[in-house]
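Listed below, chain by chain, are the residues.
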Amino acid sequence: MDNKIVDTPNPTLVTLRDNKAKWNLPEYRRTGYRTLHKINRYGLLLRSDHVLLLDKNNKDEIDEMNSVKEMINHKSFCSLIVGRGQEIFYEKYAKDFSDETPHTIMSISKMFLNLFVGELVEKNELQLDKPISYYLPNIGDGYSKATVQNALNMNIINAFTEDYTDSYSTSFMHETVGGWRIPNEGEDEMYQEDFLNSIRTDGSNSVINNSDNAFYKSANSDVIALLIEKLSGRKLREWLLSSVEAMGLEDGLYMATDRGGMPWLSGGGCLIARDLLRMGLLFSRRGVGIRNRAAGSGKFIDDTVSEKGPKYMHLKDEKYVYYANQTMKSNNWIGHSGYGGQFLMINLETNVVASFFSVLETESATDEDYKAKMILMLEEVSSKKYS
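Computed from a predicted structure; not experimentally measured.

Engineer: Account for the overall build of the protein chain, with residues named and values stated.
Structural biologist: For the protein chain, the helix and strand inventory stands at 13 helices and 15 strands. Along the first, second and third principal axes, the C-alpha atoms of the protein chain reach 70 × 55 × 45 Å. Scored against the burial criterion, the 387 residues of the protein chain give a buried share of 58%. Carbon and sulfur atoms provide 45% of the accessible area of the protein chain, an area that totals close to 16,300 Å².

Structure (structure tokens):
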């Protein structure tokens, strides 16, 4: 009798082609993005005990904006919500999407780090001009001489690469750490800290960026997350839970982790659309949460707009998006994009927040023209002073 137990690789996590897991291939991505909270191998679910109430106060002028019409009629569209305070001015969903569907927020997750760093800076527990090795003595030479501020601003050079048009960039290799794919046969599964400590310089023995352009590396964010946990003596899970409870999330935050349970803050979050709005509303209130709770630093959030960061991307004419303190910024707003078509924008002058979900089904999950139109649309929507 043959007692051999037969197994097979988990089908959603296998690398099928183009060095991408099945869920991230164009034909599966739209479904994959709204089920990633169940696909990733390791994760947390954090829910709030109380919920920030939101009331409808429709502003018809939003629906009449040509930029809005273009984006909500695009095949990639999933949802758009605009609000201020505790009011929703506009809420629209694609036919195959709903207000109860969790969706990956990808790199919008990085904005949690703005809150955590802001708290530590306000308490004088973190000095941004210190080299990272001052706080993380075991970090590799890809980060050891970089300042905390330059890591926050995506303003360093090292061997970690994040080019979505190159499916063999290090960022895709990083996916095994966070459980978004399974390692190749015979490869060891690394913990986040070990992976980050292994990152080296690009061979120049320097981490200095001599250009005025950002070098976007999600590993920077995870290094900052590791630093926060080590410096504060407080688990990242606890930092996240405090934020979730201050935001008053209705459904909750789904967060991917490494095998040891360390949250993957560079891109592991998933939220329903209204909870993404609630996240942005906390920033608009400068960190003031429900029930006298708080997360982040109002001063640090305001300082982020004026922080001189490198250019992240060109929008049009002489207009650019810049990168500072784990946010993207331009004019009077801060926010962040997510790989494949998401954006959260907070206008710090009008306090209007706009959250957008979509899924690009290109091979690379990128389209720079689409991204620029998305950002310009959200800028137009959030800059209005609605009565």
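Engineer: Please set out the environment of His74 residue by residue, giving values where relevant.
Structural biologist: Mapped onto the elements of the fold, His74 is located in the loop between helix H3 (66-72) and strand E5 (77-84). Taking relative accessible area as the criterion, His74 reaches 30% and is therefore assigned partly exposed. Once the C-alpha coordinates of His74 and Asp202 are considered, the two residues, 128 residues apart in sequence, prove to be 40 Å apart.

Engineer: Give a detailed account of the sheet that holds strand E10 (residues 311-316), specifying residues and quantitative values.
Structural biologist: Within a beta sheet, neighbouring strands are joined by backbone hydrogen bonds and run either parallel or antiparallel to one another. Taken in spatial order, the nine strands make up an open sheet running E4-E6-E5-E15-E14-E13-E12-E11-E10, and their pairing is mixed. Looking at the sheet topology across the chains shown, the edges are occupied by strand E4 (55-56) and E10. As paired elements, E10 and strand E11 (residues 319-324) share four bridges and run antiparallel to each other. Counted as the bridge partner of Met313 is Val321 from E11.

Engineer: How would you explain the packing of aromatic side chains if you had to name every residue and give the values?
Structural biologist: Per the counting criterion, the structure on display carries 19 aromatic pairs. An angle of 75° between the planes, with centres 6.5 Å apart, marks the rings of Phe172 and Tyr339 as edge-to-face. Here Phe172, found in helix H7 (residues 170-173), pairs with Tyr339, found in the loop between strand E13 (333-338) and strand E14 (342-347); they are 167 residues apart in sequence, far enough to count as distant. Taken as a pair, Phe172 and Tyr339 share a single burial class, namely buried. Arranged with centres 6.4 Å apart and planes meeting at 55°, the rings of Tyr320 and Tyr322 form a pair that is tilted. On the basis of relative accessible area, Tyr322 is assigned to the partly exposed category, the value being 28%. Taken together, the aromatic side chains of Trp23, Tyr33, Trp180 and Trp264 make up a single cluster linked through ring pairs.

Engineer: Can you lay out unusual backbone geometry for me, pointing to particular residues and giving the numbers?
Structural biologist: A positive phi angle, close to 55°, is found at Asp18, a residue other than glycine. Looking at the secondary structure, you find Asp18 in the loop between strand E1 (15-17) and strand E2 (20-21). Backbone geometry at Asn331 places phi at a positive 55°, although glycine is not the residue there. As for its position among the elements, Asn331 is in the loop between strand E12 (327-330) and E13. The class for Asn331 is exposed, based on a relative accessible area of 54%.

Engineer: Run through the side chain of Ser364, naming residues and quoting values.
Structural biologist: With respect to the helices and strands, Ser364 occurs in the loop between strand E15 (353-358) and helix H13 (368-382). We classify Ser364 as buried; its relative accessible area is 13%. A distance of 2.5 Å separates a polar atom in the side chain of Ser364 from a polar atom in the side chain of Thr366. Those residues in contact with Ser364 that lie beyond four places of it in its chain are Tyr164, Thr165 and Tyr339.

Engineer: Tell me what's going on with the pairing of E12, and back it up with residues and numbers.
Structural biologist: A two-sided burial pattern is seen for E12, the buried positions comprising Thr327 and Lys329 on one face and Met328 and Ser330 on the other. For E11 and E12, the ladder comprises three bridges, and the chain directions are antiparallel. Each residue of the ladder has a partner; that of Ala324, found in E12, is Thr327. The hairpin formed by E11 and E12 contains two residues between the paired strands, and Asn325 there has a positive phi angle of roughly 55°. Direction of pairing for E12 relative to E13: antiparallel, over a ladder of three bridges. Among the inter-strand pairings, Lys329 is bridged to a residue of E13, identified as Ile334. Where E12 folds back onto E13 in an antiparallel hairpin, the turn is made up of two residues, including Asn331, whose phi is positive at roughly 55°.

Engineer: Describe the pattern of salt bridges, with residues and values.
Structural biologist: Going through the model one piece at a time under the given rule, you end up with 21 salt bridges. Here Arg278 and Asp275 are joined by a salt bridge, their closest N and O atoms 2.9 Å apart. Of this pair, Arg278 and Asp275 are both found in helix H11 (residues 273-284), three residues apart, which corresponds to roughly one turn of the helix. Both residues of the pair, Arg278 and Asp275, belong to the buried class. For the salt bridge of Lys385 with Glu349, the shortest nitrogen-to-oxygen distance reads 3.7 Å. One end of the pair, Lys385, is in the segment after H13; the other, Glu349, is in the loop between E14 and E15, and 36 residues separate them in sequence. Via salt bridges that share partners, Arg30, Arg34 and Asp96 belong to a single interconnected network.

Engineer: Break down the packing of helix H4 (residues 111-122) against helix H10 (residues 236-247) for me, citing the residues and quoting the values.
Structural biologist: At a minimum axis separation of 11 Å, H4 and H10 run at an interaxial angle of 105°. The angle between the axes of H4 and H10 places the two elements in the roughly perpendicular class. Residues Phe112, Leu115, Phe116, Glu119 and Leu120 of H4 form the contact with H10, whose participating residues are Trp239, Leu240, Ser243 and Met247.

Analysis parameters
- Residues numbered from 1 in each chain as written.
- Predicted model: local features only at pLDDT ≥ 70, side-chain atom pairs only at ≥ 80, totals over all residues.
- Heavy atoms only, no water.
- Helix = DSSP H or I, 4+ residues; strand = E, 2+ residues; numbered from the N terminus.
- Buried < 20%, exposed > 50% of the residue type's maximum accessible area, 1.4 Å probe, protein only.
- Areas by Shrake-Rupley, 256 points an atom, 1.4 Å probe, with all protein chains shown as cover.
- Pairing = 2+ DSSP bridges.
- Phe/Tyr/Trp six-rings, centres within 6.5 Å; stacked < 30°, edge-to-face > 60°.
- Polar contact = N/O pair within 3.5 Å; in protein donor to acceptor, adjacent residues only side chain to side chain.
- Contact = heavy atoms within 4.5 Å.
- Salt bridge = Lys/Arg side-chain N within 4 Å of Asp/Glu carboxyl O.
- Axes fitted to C-alpha atoms, helices over the stretch in contact; angles between N-to-C directions.
- Parallel < 35°, antiparallel > 145°, perpendicular 65-115°, else oblique.

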